[in-house]
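Structural features, examined
In case you want the letters, here they are:
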Amino acid sequence: MTASDDPGPYLRDLLERFRPLREGKVQQSLPGMDRTDPDTFAIAVATADGQVWSEGDDRHPFSLQSISKPFLYGMALDQLGRECVHRKVAVEPTGEAFNSLTELEEDHLPYNPMINSGAIAISALLHHDAPDESRDRMMAMFGEYLGRRAEVHEAVKGRELLGAHRNRAIAHLLRHFEVIGDDIDGAIRLYAWQCAVMLDVRELALMAATLANGGVQPVTGRRALQRRHVRDVLTLMFTCGMYDTSGTWAYHVGLPAKSGVSGGILAVVPGRMGLAVFSPRLDGHGHSVRGIQVFKAWAVDWGLGVLGGCEDSERSAHPVPDPASAKSAN
Ligand code: GLN
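- In the nomenclature of an unreviewed UniProt entry, the chain corresponds to Glutaminase from the organism Ramlibacter henchirensis.
- Quoted straight from UniProt, the Sequence similarities (unreviewed entry) entry for the chain says "Belongs to the glutaminase family."

Okay, here's the thing in structure tokens:
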């Protein structure tokens, strides 16, 4: 890798271009977020062979929130198989907000695992399968993606457990339609834990790089997800990962992705790399305002997009990291 191939200057350029964006509101209901500088900003890229570059507030910890959903879905596929999982959750975008109840009322089945109803159904399935072990198994699964022991933020988890009345309403509706069983608390508890897993933007990029690398964490070389289920997870991220803006995202960015209300977004370039942004001011859909803009520019500048990149004559000016080049992690 030569100095001119270093993506660091490009990542710094992205930070500077989008730092002036100060629209949007931090999710105040998350414990600790009231003390987070709303202008915290970090960007990272991790290649499918484990090189990591990052810029900005790249050690700032945040909770996974809804970014946990594709990983729990993958875990359920590995543990229970496609048939069992998709008896409880469909694979259709809703065109609704992440915490909508509408589709449940209409069709009595969560539309997809990337929204709260689908994720709570997945949590119920996993909890029901192994009530005494589901939490440890889930933390072990996150540990494989992170390459270290996974930890949760106690206050975030606590709020998720006690304050999440809408999620409880979703769980009760799921029970009413017999999608889940009686142990509503067990399902909500597992859901709360998954939302409260802590990490930084470099680790978020590595989680995406694990999916880019066919389910093997590129630094540890350990498998986090069965290879045959990687395409399921990426497909659902592509069609549903950005909720009611999934179509707009697919058009402008063209990558499987997932966002969370703490302000993180990750995206996967299959076979090549994982990309991540953290900036906590959110738009009305619950996505990081800067994150969306960074990804739109990034996709054009690096010619990304699973169906082909946007044409841009400027693109060649931006070095794109290559999994085959020499190690240069900072
Ligand atoms: N914990 C949040 C909730 O369940 C996660 C939502 C999100 O990140 N979009 O409402």
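Some remarks on the overall build of the chain
- A tally of regular secondary structure across the chain gives 13 helices and seven strands.
- Computed over the C-alpha atoms, the radius of gyration of the chain is 19 Å, within 12% of the 20 Å expected from 2.2 N^0.38 for a compact globule of 330 residues.
- Dimensions of the chain, computed from C-alpha atoms along their principal axes, come out at roughly 60 × 40 × 35 Å.
- For the chain, the accessible surface area stands at approximately 13200 Å², while carbon and sulfur atoms represent 49% of it.
- In the chain, the 34 positive side-chain charges and the 42 negative ones have mean positions that sit 3 Å from each other.

Section: the environment of Leu109
- Tracing the chain through its elements places Leu109 in the loop between helix H4 (102–107) and helix H5 (116–129).
- Among residues more than four places away in sequence, those in contact with Leu109 are Arg87, Lys88, Val89, Ala90, Glu103, Leu104 and Val179.

What about the site of the ligand?
- With respect to spatial proximity, the complete set of residues near the ligand consists of Gln65, Ser66, Phe98, Asn116, Glu160, Asn167, Tyr191, Cys195, Tyr243, Gly260 and Val261.
- Side-chain polar atom of Gln65 to a nitrogen atom of the ligand: 2.6 Å apart, as the coordinates give it.
- If the ligand stood free it would expose 300 Å²; the protein chains cover 91% of that surface.
- Of all the cavities here, the one that holds the ligand is the largest pocket.
- Counted by class, the shell around the ligand contains five nonpolar, five polar and one charged residues.

Remarks on the sheet that holds strand S6 (residues 264–269)
- With antiparallel pairing, five strands are arranged side by side in an open sheet as S2-S1-S7-S6-S5. Looking at which strands have only one partner, the edges of the open sheet turn out to be strand S2 (52–56) and strand S5 (257–259). The sheet shows a mean angle of 10° between the axes of neighbouring strands, taken without regard to direction.
- Pairing of strand S1 (residues 42–47) with S2 involves five bridges; the strand directions are antiparallel. Counted as the bridge partner of Ala46 is Val52 from S2.
- Each of S1, S2, S6 and strand S7 (273–278) is contacted by helix H10 (residues 201–212), which is oriented at about 150° to S7, the strand it contacts most.

Some points on the packing of aromatic side chains
- Inspection of the entire model under this criterion finds eight aromatic pairs.
- Seen in terms of ring centroids, Phe71 and Tyr145 are 4.6 Å apart; in terms of plane orientation they differ by 75°. Their pairing is edge-to-face. Residue Phe71 is found in helix H2 (residues 69–80), and its partner Tyr145 is found in helix H6 (residues 134–146); the two are separated by 74 residues along the sequence.
- Here Trp298 and Trp302 contribute two aromatic rings whose centre-to-centre distance is 5.6 Å and whose plane-to-plane angle is 65°, an arrangement assigned as edge-to-face.
- Ring pairs connect the aromatic residues Tyr10, Trp249, Phe295, Trp298 and Trp302, which therefore count as one cluster.
- Its guanidinium or amino end placed over the ring of Phe41, Arg290 lies 4.5 Å from that ring's centre, counting from NZ or CZ.

Quick word on the pairing of S6
- Within S6, six of the six residues are buried, which leaves it mostly tucked inside the rest of the structure.
- Side-chain alternation along S6 places Gly264, Leu266 and Val268 on one buried face and Ile265, Ala267 and Val269 on a second face that is also buried.
- Summarising the sheet, S5 and S6 pair through three bridges and their orientation is antiparallel. Considered in S6, the bridge of Ser259 is made with Ile265.
- In this antiparallel pair of consecutive strands, S5 and S6, the connection spans four residues, and Gly263 shows a positive phi of 115°.
- Linking S6 back to S7 in an antiparallel pair, the connection comprises three residues, with Gly271 at a positive phi of about 80°.

As for the confidence of the model for the chain
- In this model, the chain carries an average pLDDT of 93, and 95% of its residues clear a pLDDT of 70 or more.
- Across residues 326–330 the pLDDT falls below 50, and counting only partners more than four positions away or on other chains, this stretch makes 14 contacts in the model.

A short note on the nonpolar core
- Grouped together as the largest cluster of nonpolar side chains are 55 residues, with contacts concentrated most on Phe71, Met138, Phe142, Met207 and Leu211.
- Looking at this core element by element, the count peaks at nine residues for H10.
- Other than its neighbours up to four places away in sequence, Met207 contacts Leu64, Phe71, Phe142, Tyr145, Leu146, Leu199 and Leu266.
- In terms of nonpolar packing, the next biggest core, distinct from the first, is built from 28 residues, Leu11, Phe18, Ile265 and Leu275 among them.

Cut-offs applied
- Residues numbered from 1 in each chain as written.
- Predicted model: local features only at pLDDT ≥ 70, side-chain atom pairs only at ≥ 80, totals over all residues.
- Heavy atoms only, no water.
- UniProt positions renumbered as here; feature names shortened; annotations may be inferred.
- Helix = DSSP H or I, 4+ residues; strand = E, 2+ residues; numbered from the N terminus.
- Rg over C-alpha atoms; globule rule 2.2 N^0.38 Å.
- Areas by Shrake-Rupley, 256 points an atom, 1.4 Å probe, with all protein chains shown as cover.
- Lys, Arg positive; Asp, Glu negative; His and termini not counted.
- Charge placed at Lys NZ, Arg CZ, Asp CG, Glu CD.
- Contact = heavy atoms within 4.5 Å.
- Near = heavy atom within 4 Å.
- Polar contact = N/O pair within 3.5 Å; in protein donor to acceptor, adjacent residues only side chain to side chain.
- 1 Å grid on protein atoms, 1.4 Å probe; cavity = no way out; pocket = protein on both sides within 12 Å on 5 of 7 lines; lining within 4 Å.
- Sits in = over half its atoms within 2 Å of the grid points.
- Nonpolar A, V, L, I, M, F, W, Y, C, P; charged D, E, K, R; others polar.
- Pairing = 2+ DSSP bridges.
- Axes fitted to C-alpha atoms, helices over the stretch in contact; angles between N-to-C directions.
- Phe/Tyr/Trp six-rings, centres within 6.5 Å; stacked < 30°, edge-to-face > 60°.
- Lys NZ or Arg CZ within 6 Å of the ring centre and 35° of its normal.
- Buried < 20%, exposed > 50% of the residue type's maximum accessible area, 1.4 Å probe, protein only.
- pLDDT = per-residue confidence, 0-100.
- Core = buried A, V, L, I, M, F, W, Y, C linked by side-chain atoms within 4.5 Å.

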